[in-house]
Each structure stands twice: as structure tokens, then as C-alpha cells.
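# Structural overview
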Amino acid sequence: HVVLLGYNPVSRTIAQHLQGAEIPILVIDLDPNTFALLSADPSPHVTGFYADLYDPDTWHEAGFNKARLVISCREEDQEAELAILRWLKQHAPEVPFMASTDACNEALELYEEGAVYVIQGQELIGNHVHTLFRTSEETLHPCGNAHRERLEVLRNDDPDRFVFL
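Scope of this entry: the structure provided in the associated data block. (Residues numbered from 1 in each chain as written. Predicted model: local features only at pLDDT ≥ 70, side-chain atom pairs only at ≥ 80, totals over all residues. Heavy atoms only, no water.)

### Quick look at the overall build of the chain
Each helix and strand counted, the chain has seven helices and six strands in total. Counting from the amino terminus, the chain carries its helices and strands in the arrangement β-α-β-α-β-α-β-α-β-α-β-α-α. If one aligns the C-alpha atoms of the chain with their principal axes, the spans along those axes are about 55 × 35 × 25 Å. Counting all 165 residues of the chain, 39% fall into the buried class. Of the contacts made within the chain by residues no fewer than 6 positions apart, 49% connect residues no fewer than 24 positions apart. If you sum the accessible surface of the chain, you get close to 10,000 Å²; carbon and sulfur atoms cover 54% of it. Positive and negative charge centroids in the chain, built from 11 and 27 side chains respectively, lie 5 Å apart. (Helix = DSSP H or I, 4+ residues; strand = E, 2+ residues; numbered from the N terminus. Buried < 20%, exposed > 50% of the residue type's maximum accessible area, 1.4 Å probe, protein only. Contact = heavy atoms within 4.5 Å. Areas by Shrake-Rupley, 256 points an atom, 1.4 Å probe, with all protein chains shown as cover. Lys, Arg positive; Asp, Glu negative; His and termini not counted. Charge placed at Lys NZ, Arg CZ, Asp CG, Glu CD.)

### Considering the pattern of salt bridges
Applying the stated criterion to the full structure yields four salt bridges. Of the charged contacts in the structure, one is a salt bridge between E113 and R86, with a shortest N-O distance of 3.5 Å. Of this pair, E113 sits in the loop between α5 (104-112) and β6 (117-119) while R86 is found in helix α4 (residues 79-91), placing the two residues 27 residues apart along the sequence. A cluster of three or more residues bridged by salt bridges with shared partners is formed by R86, K89 and E113. (Salt bridge = Lys/Arg side-chain N within 4 Å of Asp/Glu carboxyl O.)

### As for a nonpolar patch on the surface
A surface patch of nonpolar side chains, amounting to about 350 Å² of accessible area, comprises Y111, V116, Y117 and L124. Classification of Y111 as partly exposed rests on a relative accessible area of 37%. (Patch = residues over 30% accessible without salt bridge, like charges linked within 9 Å, V, L, I, M, F, W, Y side chains within 5 Å.)

### A short note on the sheet that holds β6
Each strand in a sheet pairs with another by means of backbone hydrogen bonds, the pair being arranged parallel or else antiparallel. The strand order across the open sheet built from six strands is β3-β2-β1-β4-β5-β6, with neighbouring strands paired in parallel fashion. Each edge of the sheet is formed by a strand with only one pairing partner; in this case those strands are β3 (46-50) and β6. Going across the sheet, the axis of each strand differs from the next one's by a mean of 20 degrees, ignoring polarity. As paired strands, strand β2 (residues 25-29) and β3 are joined by five bridges and run parallel to one another. Pairing of I28 across the sheet is with F49, part of β3. Sheet strands touched by helix α1 (residues 9-20): β1 (2-5), β2, β3, β4 (69-72) and β6. Its angle to β1, the strand with the most contacts, is close to 165 degrees. (Pairing = 2+ DSSP bridges. Axes fitted to C-alpha atoms, helices over the stretch in contact; angles between N-to-C directions.)

### Re unusual backbone geometry
With glycine set apart, most residues show a phi of negative sign, and most peptide bonds adopt trans. Backbone geometry at E22 places phi at a positive 55 degrees, although glycine is not the residue there. Mapped onto the secondary structure, E22 falls in the loop between α1 and β2.

### Here's the deal with the packing of aromatic side chains
Under the definition given, this model contains two aromatic pairs. Judged by centre distance (6.4 Å) and plane angle (80 degrees), the ring pair of F64 and W87 falls under edge-to-face. Remark: W87 occurs in helix α4 and F64 occurs in the loop between α3 (56-61) and β4; sequence separation between them is 23 residues. Taking the relative accessible area as the measure of exposure, W87 reaches 12% and is therefore buried. (Phe/Tyr/Trp six-rings, centres within 6.5 Å; stacked < 30°, edge-to-face > 60°.)

Here it is as C-alpha cells:
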């Protein structure tokens, strides 16, 4: 199984991709609204777990040591992620851990503690825009049109996703 910590637009997109591969997903969050969203769009591959991410008992109960991957998409401070990384290092060093942050210093700290990849939104956006600038004008317009069409499909198929924005 894959463990997703926090439920927001980033983790929701990750969950959608993993569901396509029929990988079991455990979403851990303390927000009751998360479970209302999960219940509104049930999936046989997604299970919600209402728990405190700062509690090592949660990590044990959720099977972090047996997970295929642990991904934190939380937007709050990173103390829980750092504690989880230290716990994984001791109990299951083979389990990869990913996290997200927009702060460069936090990204470095997560890497230093053993994160395999840090999703850094501003960095990804900058790299993507740089790639777009390297394309010809004939390519740029179709990329924008494809993105707009995808957003329209998402708005029709998954209107709750736009609630986060």
C-alpha cells in the first residue's frame, strides 16, 4: 500500500494516478472533512484513516514499515515528516518517503533526513515554464490548450477538486 499524509489537491492528484494502477492507498488525516470527501467519491483502493500524524502509534498501526511508499503532502510545519523519516530510518529504511514544501531550507532538511524526493511546487513550476519557453510557438499554444481542456474535464468530472482552489 501507499500511505498519503494529508488530503489536498496534490495528494488527491497522486491518489487518482495510483488508483489507475489499482494500488491500495491509505489516506491519513485529522480533518473530518477529508473523510466526507472520501465518502462522497468512494474507491475500492482508497481507505481513510483518522489519526494523529505526530503519534508513532499511528505509524505502526498504518503499517508504514510495510508500505510501498509514504508521501506527505501536508501544508503545515514539517516536524511530523522529520519524525517519520527518523522512525522509518530505524524501523524500515527500505520504505521510500516523499514530502512536499515550497521552502528551500525545508526541502534540504527533508533530503538530509532521508527523503527520496521533495515535491517543491515553486521549483516544479519554474522548471515547467522553462521547458515551455524552450519550445516553439507552435508547441506552446497546443500545450496551453491541452491544459485548459484538462481543467474543463476536471471541473465537470470532479467539481470538488475546485473547492480547494
